[in-house]
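What follows is each chain in one-letter form.
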Amino acid sequence: MTSILHTIAEHAKVRVEEAKKQKPLSEVKKEALAMEPLSGFPFEKALAEGDISFICECKKASPSKGLIAEDFPYVEIAREYERAGASCISVLTEPKWFLGSDRYLQEITEAVSIPCIRKDFTVDEYMIYEAKLLGASAVLLICALLPEETIREYIGICDSLGLSALVEAHDEEEIAMALRAGARIIGVNNRNLKDFTVDVHNSERLRSLVPPSVLFVAESGIKTAGDIGVLRKAGVNGVLIGETLMRSQDKKAMLDTLKGIRS
């Protein structure tokens, strides 16, 4: 679909192969399956509650924006999100382009009580079992990177661990693919990964293609209470917000603004 997306995915495959040398798949799988499965899919439960749920992202950098947060006290940021009323937290673990780390996820999940998603480019089942061991409640599966059968298989692995799968789509074809694969949460990325342009109305347009029984999350480019209003009217269940919050000095005030609590 896009050179940068596939470049990141190819690097993720290299990361997985290196990780397997340290700890083989059989061992990671055994450890993850030995853990108690999460009860009731807490990530999905959080998204289904209330009017519109906010997934707040801990993100140090991105390919399109470069360094976003030079000072990155990630645990305190996560705690601030929780105090501010976030429903879930998204934690970037991709190390090269997003400057993420598995350590960030592990420490954040130990510090907060709300569910966290491992935001990474899942290219191997190994990464799902890893996510479980790191304390995640959900993982990201991207339609542009994975065949439909693989997405279906990975959702099954998530189910066995009590994890949720946020299946990301960008257009009508990928929405249909996600639904056929059995996605219970579909996230629509408003960023065109070919040229990095953002159109918040992409989620609004695609919402009608997803039945009410499937949770719908809008991702990228959501900056104002007006954007939230458009998405709320469209019937979106949740919004994933990263850069807008990461650049804010007062994250609670910014989240209140987005919620329409203050102008």
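Up top you'll find the structure we're talking about.
Below or above, wherever it landed, is the structure these notes cover.

Calculation criteria
Residues numbered from 1 in each chain as written. Predicted model: local features only at pLDDT ≥ 70, side-chain atom pairs only at ≥ 80, totals over all residues. Heavy atoms only, no water. Phe/Tyr/Trp six-rings, centres within 6.5 Å; stacked < 30°, edge-to-face > 60°. Helix = DSSP H or I, 4+ residues; strand = E, 2+ residues; numbered from the N terminus. Buried < 20%, exposed > 50% of the residue type's maximum accessible area, 1.4 Å probe, protein only. Core = buried A, V, L, I, M, F, W, Y, C linked by side-chain atoms within 4.5 Å. Contact = heavy atoms within 4.5 Å. Right-handed = clockwise from strand over helix to strand, strands pointing away. Pairing = 2+ DSSP bridges. Axes fitted to C-alpha atoms, helices over the stretch in contact; angles between N-to-C directions. Left-handed = near helix turned anticlockwise from the far one by under 90°. Nonpolar A, V, L, I, M, F, W, Y, C, P; charged D, E, K, R; others polar.

What follows covers the packing of aromatic side chains. Centre-to-centre distance and the angle between the planes together describe a pair of aromatic rings. One pass over the structure, following the stated rule, counts four aromatic pairs. Taken together, a centroid distance of 5.3 Å and an interplanar angle of 65° make the contact between F72 and Y104 edge-to-face. Taken together, the residues span a long stretch of sequence, with F72 in the loop between β3 (66–67) and α4 (74–84) and Y104 in helix α5 (residues 102–111) at a distance of 32 residues. Residues Y74 and Y104 carry aromatic rings whose centres are separated by 4.3 Å and whose planes lie at 40° to one another, so their mutual orientation is tilted. Linking Y74 in helix α4 with Y104 in helix α5, this pair joins segments that are 30 residues apart in sequence. Summarising the burial analysis for this pair, Y74 and Y104 share the class buried.

Let us now look at the nonpolar core. One finds I89, I108 and V239 to be the most contacted residues of the largest nonpolar core, which totals 93 residues. In contact with I89, other than residues within four places in its own chain, are I55, C56, C58, A78, Y81, I108, V112, I114, P115, C116 and I117.

Let us look at the pairing of strand β8 (residues 185–189). Burial analysis of β8 places five of its five residues in the buried class, which makes it a mostly covered element. Burial of the side chains of β8 extends over both faces: I185, G187 and N189 are buried on one face and I186 and V188 on the other. For the handedness criterion, the β-α-β arrangement of strand β7 (residues 164–169), helix α8 (residues 172–180) and β8 is classed as right-handed. Sheet analysis places β8 next to strand β9 (residues 215–219), joined by five bridges and oriented parallel. Directly across from I185, in β9, lies its bridge partner L215.

It is worth spelling out the packing of helix α1 (residues 3–22) against helix α6 (residues 125–134) at this point. Look at α1 against α6: their axes get within 10 Å of each other, and the N-to-C directions meet at 65°. Between α1 and α6 lies a crossing whose hand is left-handed. Along its contact with α1, which presents R15, V16, A19 and K20, the element α6 presents Y126, M127 and E130. Residues of the contact of α1 with α6, tallied by class, amount to four nonpolar, no polar and three charged.

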